[in-house]
Amino acid sequence: MILKTVFVLIISMAILSGAAFAQDDNQPDSLLIGQIKIEQGGTGSIEINFFNDQELAALTIPLQLVGEGFRIDSISFAGSRVEYLKTRPITVGKEGRHVVFGAICMLEEYIQPGKGLMATLFVHALESAKSGNCTIDTTTIGPATVLFTKTNSVSLVPRCTLGKIEISPISKKK
């Protein structure tokens, strides 16, 4: 009876320890771009969040604005899950229509599994912008494409949720 109990205990511990180190909980790694509403001539900020279920060594995020009358002003990593990393390259295109940014672990700890802020995108709607919507989409800006790179140097393309900017006419004050 004791031998049977010990055997069951060992098997149970092996199963539980395997579950504790499981690398994939069947949730796809994701890039989630937020939505905002701004007036013509105004500025706004859009949160870009991400989810990963394994440690990551790097993230590469190229985005483009699809629609007329607005531009990307800047990117901030303040308060983000990658703020601690020293290597966070950012390139905003000449017209402010696209941006490539990312985060790379050099000497720091890897990006731990979890969900949270990657960066904040600051945009400006020109006064000439027509009322309506703009989409913030992923893109490929050679050679950059949307990639999450794991610690073993294997890269994957995350599931992406597009962002949206709704531009409203300047409100008239009476």
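Residues numbered from 1 in each chain as written. Predicted model: local features only at pLDDT ≥ 70, side-chain atom pairs only at ≥ 80, totals over all residues. Heavy atoms only, no water.

(A) Here's a closer look at the overall build of the protein. Secondary structure summary: the protein contains 1 helix and 13 strands in total. Counting helices and strands in the order they occur from the N terminus, the protein gives α-β-β-β-β-β-β-β-β-β-β-β-β-β. Relative to its full complement of 174 residues, the protein shows a buried share of 37%. In the protein, the share of contacts with a sequence separation of at least 24, taken over all contacts with a separation of at least 6, comes to 77%. (Helix = DSSP H or I, 4+ residues; strand = E, 2+ residues; numbered from the N terminus. Buried < 20%, exposed > 50% of the residue type's maximum accessible area, 1.4 Å probe, protein only. Contact = heavy atoms within 4.5 Å.)

(B) Representation of the packing of aromatic side chains within the structure. All told, the structure shown has 2 aromatic pairs when counted by the stated rule. Arranged with centres 6.0 Å apart and planes meeting at 85°, the rings of Phe 50 and Phe 148 form a pair that is edge-to-face. Of this pair, Phe 50 sits in strand β3 (residues 43–52) while Phe 148 is found in strand β10 (residues 147–150), placing the two residues 98 residues apart along the sequence. With relative accessibility at 1%, the residue Phe 50 sits in the buried group. Residue Phe 148 is classed as buried on the basis of its relative accessible area of 0%. Across the ring face of Phe 70, the terminal group of Arg 97 is positioned such that the distance to the ring centre comes to 5.2 Å. (Phe/Tyr/Trp six-rings, centres within 6.5 Å; stacked < 30°, edge-to-face > 60°. Lys NZ or Arg CZ within 6 Å of the ring centre and 35° of its normal.)

(C) Seen up close, the pattern of salt bridges. Under the counting rule described, the total for this entry stands at 2 salt bridges. Note that Glu 166 is salt-bridged to Lys 37, the shortest N-O span being 3.9 Å. In this pair, Glu 166 sits in strand β13 (residues 163–168) while Lys 37 sits in strand β2 (residues 35–39), placing the two residues 129 residues apart along the sequence. With a relative accessible area of 30%, Glu 166 lands in the partly exposed category. Residue classification places Lys 37 among the exposed positions, given a relative accessible area of 56%. We note a salt bridge from Arg 71 to Asp 73, for which the minimum N-O separation is 3.0 Å. Its relative accessible area of 34% is what places Asp 73 among the partly exposed residues. (Salt bridge = Lys/Arg side-chain N within 4 Å of Asp/Glu carboxyl O.)

(D) Seen up close, the sheet that holds strand β12 (residues 159–161). Strand order in this open sheet of 5 strands is β5-β8-β3-β1-β12, and the pairing throughout is mixed. The two strands at the open ends of the sheet, each matched to only one other strand, are β5 (70–76) and β12. Recorded for the sheet is a direction-independent mean angle of 20° between the axes of neighbouring strands. (Pairing = 2+ DSSP bridges. Axes fitted to C-alpha atoms, helices over the stretch in contact; angles between N-to-C directions.)

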